[in-house]
Amino acid sequence: MKLFFYRNRKKIQILSILLLVFGAILAYLNWGIEPQETIAGFLVGLGFGILLLSLNLKKE
């Protein structure tokens, strides 16, 4: 399983950056509207967490 993530780490990094950007745009466009702002914060946090994990992947 770890080898699968290591082989696809570039795709995972791209996905996490897209989540970060989409969450930031959503937060900017819906400033002050509570449910959408919370969803945007969740997307940014999820994207940032996945990006950190994918950058720390090491080959066995």
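These figures come from a predicted structure and were not determined experimentally. (Residues numbered from 1 in each chain as written. Predicted model: local features only at pLDDT ≥ 70, side-chain atom pairs only at ≥ 80, totals over all residues. Heavy atoms only, no water.)

Comments concerning the overall build of the chain
When you go through the chain residue by residue, the secondary structure sums to three helices and zero strands. For the chain, the N- to C-terminal ordering of α and β elements is α-α-α. Its C-alpha radius of gyration of 14 Å places the chain more than 25% over the 10 Å reference for a compact globule of 60 residues. Expressed along its principal axes, the backbone C-alpha trace of the chain runs to roughly 45 × 15 × 15 Å. Within the chain, buried positions represent 20% of all 60 residues. Expressed as a percentage of contacts within the chain between residues at least 6 apart in sequence, the contacts between residues at least 24 apart total 64%. Just so you have it, the chain exposes about 4800 Å², and 73% of that area is on carbon and sulfur atoms. (Helix = DSSP H or I, 4+ residues; strand = E, 2+ residues; numbered from the N terminus. Rg over C-alpha atoms; globule rule 2.2 N^0.38 Å. Buried < 20%, exposed > 50% of the residue type's maximum accessible area, 1.4 Å probe, protein only. Contact = heavy atoms within 4.5 Å. Areas by Shrake-Rupley, 256 points an atom, 1.4 Å probe, with all protein chains shown as cover.)

Here's the deal with the confidence of the model for the chain
Here the chain averages 86 in pLDDT, and 93% of its residues register 70 or above. For the chain, the element scoring lowest by mean pLDDT is helix α1 (residues 2-7), at 75; helix α2 (residues 9-29) scores highest, at 91. (pLDDT = per-residue confidence, 0-100.)

Things to note about the side chain of Q13
Structurally, Q13 can be placed in helix α2. Sequence-distant contacts of Q13, that is, excluding residues within four places in its chain, are made with L51, S54 and L55.

Observations regarding the packing of α2 against helix α3 (residues 34-55)
Between α2 and α3, the least distance of the axes is 8 Å, while the angle of their chain directions is 155 degrees. Of the possible angle classes, the one that applies to α2 and α3 is roughly antiparallel. The crossing of α2 and α3 is left-handed. Contacts from I12, Q13, S16, I17, L19, L20, F22, G23, A24, L26 and A27 in α2 reach Q36, I39, A40, L43, V44, L46, G47, F48, I50, L51, S54 and L55 in α3. (Axes fitted to C-alpha atoms, helices over the stretch in contact; angles between N-to-C directions. Parallel < 35°, antiparallel > 145°, perpendicular 65-115°, else oblique. Left-handed = near helix turned anticlockwise from the far one by under 90°.)

Observations regarding α2
Helical geometry: 3.6 residues make up each α-helical turn, so side chains three or four residues apart lie on a common side. Here α2 spans 30 Å end to end across 21 residues, near enough to the 30 Å set by a 1.5 Å rise per residue. Buried within α2 we find I12, Q13, S16, L19, G23 and L26. All buried residues of α2 lie within an arc of 160 degrees about the axis, which places them on one face of the element. Across from the buried face of α2, at angles greater than 90 degrees, the exposed residues are K10, K11, I14, L18, Y28 and L29. (Expected span 1.5 Å × (residues − 1). Arc of directions from axis to C-beta.)

Side note on a nonpolar patch on the surface
On the surface, I17, V21, I25, Y28 and L29 cluster together to form a nonpolar patch covering roughly 550 Å² of accessible area. Residue position: I17 is located in helix α2. (Patch = residues over 30% accessible without salt bridge, like charges linked within 9 Å, V, L, I, M, F, W, Y side chains within 5 Å. Salt bridge = Lys/Arg side-chain N within 4 Å of Asp/Glu carboxyl O.)

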